[in-house]
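# What the coordinates show
One-letter residues, chain by chain:
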Amino acid sequence: TYHHHSPFMQTITAIGLFSGGLDSILACRVIAEQGIRVRALKFVTPFFDHDLLEQEEAYQQEVKAKYGLDAELVDLSAGYIELLRNPSHGFGKNFNPCIDCKIMMLRKAAELMQDCGASFLVTGEVLGQRPMSQRRDTLNLIERDADCRDILVRPLSARLMNPTLPEREGWVDRERLHTFSGRGRKEQIALARELGISDFPAPAGGCVLTDPNLAARVRRFYQGLFLISQDEITASDIQLLLLGRQFRLPGGYWLILGRNAQENDRLRELCEPDDCLFYMPERPGPTALLRRGGSLMSRPDERERILTAVTGLVVRYGRKINNEYPPGEVLFQEGGNEKMLRAQALADEFFQDWLV
C-alpha cells in the first residue's frame, strides 16, 4: 500500500539503489534536494564490496561526509550465489548476470519499502549508457520483472521517459529531473559540481563477474572444477576462489596458497572445521588451505598422495635458501589436531597443470 501524501503529512521517503558510483550518488542527491528523505541501499555480494560488511559504520560515515547521504548495507550473498546457477536473462560478455542482478536488487528494495514507509524507488540508471543493461527496452523489462513499474524513478534520464507515479502525483517535481543519455560523463560532472560533490570515484566495473579472468574462474567453479557441487557453494567459497594461488589437485581437490602475509591471514580467517591448513613454522612461506579436506580425504592411500602434494607445494612456494628449496617441516592442522610432516619441494613440471 502506498501512502497518499498531502502537504500536511510527514516527509516523503524514497529508497535509492546506491552503488557508490557517480550516477547513483547524483540520483539520490537530486531526489534528496527536493526535500524527500532518501535511504541509500548499498547491496553487496561476494563478487562486489563484500568487505564493507566488516566496516559498515566507517562506510556510512564516509558516504555521509562526502555526499550527504544516509547509506546502509544489504547483503545479497545467498540469493546471488543461487542466481548464478541459472539467470533467466543469461550472462553478459563474461559470467555477469547484469539484468537479473538489477532485478534482484530492485525486488529486494521494493520488499524493504514497507518497513520504512517509502513511496518509491530511485536508481542512477542513464538511458543508453550501457549497451546491455541500459537500453530503453531493457530498462522496461527490468522494472516489469522486478514488479516495480511506475514506482521506479530514474532522475538522471527521467525527462526522456514517461512520467512515473511519483511525478504524476507531484511527490517529485519532474521539472527538476534530468535528460542525461549516452556514455559521456560531462553532464554528470557538471551536476556534481553544482551539488558541491567533488570527491567521487572514477568509473570502475567493481564487479568481479565482469573481469574476464576472474569471471572465467567463477564459471569453471560453477561447472564443477572442484569436488564441490553447485548447490554446496557458499559465500566463503567465493571469497576463497578470489584469493591467492589456486590449485586443482588430481581428483578434484581444491587447494589455495597465500601469496603474502595478508593472504595467509585471510586463509586462516576463512578456514572452516572441515578444512585442512598447512604452513612452515620455521621458514617464511605460504599458508595453504585444503577446502573440505577432512571429509574428502577418506582413503588412506589417497590421503597420503594429497598430503605429499600439498606439503610439497608449501615447501616449493616458501622462501629459497641458498638459491634452492631444501626439504622443510610443514605443520598440518586438521580439526583440532596438528602434526609435523617433513616434505620435499615439488618439481615445477610436476604441478604446472594443477594451477587454475
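In case you missed it, the structure is sitting above this.
Predicted model, so just to flag it, every value in this text is computed and none were measured. Starting afresh in each chain, residues are numbered from 1 along the sequence in its written order. Owing to the predicted nature of the model, reporting of local features is limited to residues with pLDDT of at least 70; listing and counting of side-chain atom pairs is limited to 80 or more, with chain, interface and lining totals taken over all residues. Excluded from the side-chain calculation are hydrogens and water; included are all heavy atoms of the structure.

### Focus: the pattern of salt bridges
Any carboxyl oxygen of Asp or Glu that lies within 4 Å of a side-chain nitrogen of Lys or Arg is treated as forming a salt bridge with it. On inspection of all chains with the given rule, the structure shows 26 salt bridges. We note a salt bridge from arginine 259 to glutamate 263, for which the minimum N-O separation is 2.8 Å. Residue classification places glutamate 263 among the buried positions, given a relative accessible area of 11%. A salt bridge links glutamate 272 to arginine 291; the nearest nitrogen and oxygen atoms lie 3.5 Å apart. One end of the pair, glutamate 272, is in the loop between helix 10 (261-270) and strand 8 (276-279); the other, arginine 291, is in the loop between strand 9 (288-290) and helix 11 (293-296), and 19 residues separate them in sequence. The buried label applies to any residue whose accessible area, calculated with a 1.4 Å probe on protein chains only, is under 20% of its type's maximum; exposed applies above 50%, and partly exposed to all values in between. Each helix corresponds to a stretch of at least 4 residues labelled H or I by DSSP, and each strand to a stretch of at least 2 residues labelled E; elements are numbered beginning at the N terminus.

### Here we look at the layout of surface pockets
In this analysis the probe radius is 1.4 Å and the grid spacing 1 Å, with only protein atoms considered; a cavity is a set of points the probe fits into but cannot get out of, a pocket is an open set with protein on both sides within 12 Å along at least five of seven lines, and lining residues have an atom within 4 Å of a point. Grid points are joined across faces, edges and corners, and a volume is the space filled by probe spheres set on the points. As a volume, the second largest pocket reaches approximately 450 Å³. Taken together, 16 residues line the second largest pocket, and the ones lying closest to its centre are Asp51, Gln239, Leu242, Leu243 and Arg266. The element that contributes the greatest number of residues to the lining of the second largest pocket is helix 10, accounting for four residues.

### Points about the environment of glutamate 324
Residue placement: glutamate 324 occurs in the loop between helix 12 (300-316) and strand 10 (328-334). Taking relative accessible area as the criterion, glutamate 324 reaches 49% and is therefore assigned partly exposed. As a C-alpha pair, glutamate 324 and aspartate 237 span 87 residues in sequence and 34 Å in three-dimensional space.

### Things to note about helix 2 (residues 56-67)
Helices are assigned an expected span. That span is 1.5 Å times one less than the residue count. The terminal C-alpha atoms of helix 2 lie 16 Å apart, and with 12 residues this matches the ideal 16 Å at 1.5 Å per residue to within 8%. Any two residues having at least one pair of non-hydrogen atoms within 4.5 Å are treated as being in contact. Lining the buried residues of helix 2 we find helix 1 (22-32), strand 2 (37-44) and strand 3 (70-75). Glycine 68 sits one or two residues past helix 2 and shows a positive phi near 65 degrees.

### Digging into the side chain of histidine 178
You can see histidine 178 is positioned in the loop between helix 6 (165-168) and helix 7 (186-194). Discounting residues that sit within four places of it in the chain, histidine 178 has contacts with Val30, Pro155, Leu156, Ser157, Ala158, Arg159, Leu160 and Leu191.

### Digging into the sheet that holds strand 2
An order of 3-2-1-4-5 is seen for the five strands of this open sheet, with the pairing classed as parallel. With partners counted over all chains shown, the strands left at the sheet margins are strand 3 and strand 5 (152-153), one partner each. In this sheet, strand 4 (residues 120-122) lies alongside strand 1 (residues 13-17) in parallel orientation, the contact comprising three bridges. Within strand 4, the residue paired with alanine 14 across the bridge is phenylalanine 120. A pair of strands counts as paired when DSSP detects no fewer than two bridges linking them.

### A short note on the sheet that holds strand 11 (residues 337-343)
Taken in spatial order, the six strands line up as 6-7-9-8-10-11 in an open sheet, and their pairing is antiparallel. A single partner strand is all that each edge strand has here, and the edge strands are strand 6 (245-249) and strand 11. On average, each strand axis in the sheet is inclined to that of its neighbour by 20 degrees, with strand direction left out of account. When strand 8 meets strand 10, the two strands line up antiparallel, connected through four bridges. In this analysis, axes come from line fits to C-alpha atoms, helices being fitted only over the stretch in contact, and the angle between any two N-to-C directions falls in the range 0 to 180 degrees.

### Details of the side chain of arginine 283
If you trace the backbone, arginine 283 turns up in the loop between strand 8 and strand 9. In summary, the charge assignment counts Lys and Arg as positive and Asp and Glu as negative, without counting His or the chain termini. Among buried charged residues, arginine 283 stands out as having no salt bridge; its nearest opposite-charge side chain is glutamate 329, 8.4 Å away. Within the local environment of arginine 283, its side chain forms a polar contact with the backbone oxygen of proline 327, the two atoms lying 2.9 Å apart. In contact with arginine 283, not counting residues within four places along its chain, are Val315, Arg319, Ile321, Pro326, Pro327 and Gly328. Nitrogen and oxygen atoms within 3.5 Å of one another constitute a polar contact, given that in protein one can donate a hydrogen and the other can accept it, and given that sequence-neighbouring residues count only through two side-chain atoms.

### A look at unusual backbone geometry
Residues other than glycine seldom take positive phi values, yet asparagine 322 does so here, at roughly 50 degrees. Following the sequence through the fold, asparagine 322 ends up in the loop between helix 12 and strand 10.

### Some remarks on the packing of aromatic side chains
Whether two aromatic rings pair depends on their centres lying within 6.5 Å, for rings of Phe, Tyr and Trp, where Trp uses its six-membered ring; planes under 30 degrees apart make the pair stacked, over 60 edge-to-face, and the rest tilted. Taken as a whole, this structure holds 13 aromatic pairs when the rule is applied. Seen in terms of ring centroids, phenylalanine 221 and tryptophan 254 are 5.0 Å apart; in terms of plane orientation they differ by 55 degrees. Their pairing is tilted. Separated by 33 residues along the polypeptide, phenylalanine 221 in helix 8 (residues 212-222) and tryptophan 254 in strand 7 (residues 253-257) bring together distant segments of the chain. Taking relative accessible area as the criterion, phenylalanine 221 reaches 1% and is therefore assigned buried. With relative accessibility at 1%, the residue tryptophan 254 sits in the buried group. Within the aromatic cluster, the residues linked to one another by ring pairs are Phe47, Phe48 and Tyr80. Whether a charge sits over a ring comes down to the Lys NZ or Arg CZ being within 6 Å of the ring centre and within 35 degrees of the ring normal. Over the ring of tyrosine 317 we find arginine 316; its NZ or CZ atom is 4.7 Å from the centre of that ring.

### Side note on the environment of glycine 335
Note that glycine 335 resides in the loop between strand 10 and strand 11. Note on glycine 335: relative accessible area 57%, which makes it exposed. Between the C-alpha atoms of glycine 335 and methionine 105, which are 230 residues apart in sequence, the distance is 38 Å. Discounting chain neighbours no more than four positions away, the residues touching glycine 335 are Pro273 and Asp275.

### Describing the nonpolar core
Among the buried residues, those of types Ala, Val, Leu, Ile, Met, Phe, Trp, Tyr and Cys that are joined through side-chain atoms within 4.5 Å form a nonpolar core. Core analysis: the biggest nonpolar cluster contains 86 residues, and Phe18, Ile31, Phe47, Tyr80 and Phe120 have the highest contact counts within it. Top contributing element to this core by residue count: helix 4 (residues 98-113), with eight residues. In contact with isoleucine 31, other than residues within four places in its own chain, are Ala14, Ile36, Val38, Phe120, Val122, Val153, Pro155, Val172 and Leu177. Core analysis: the second largest hydrophobic core is formed by 26 residues, Tyr253, Met297, Ile306 and Trp354 among them.

Distances and angles like these do not, on their own, reveal function.
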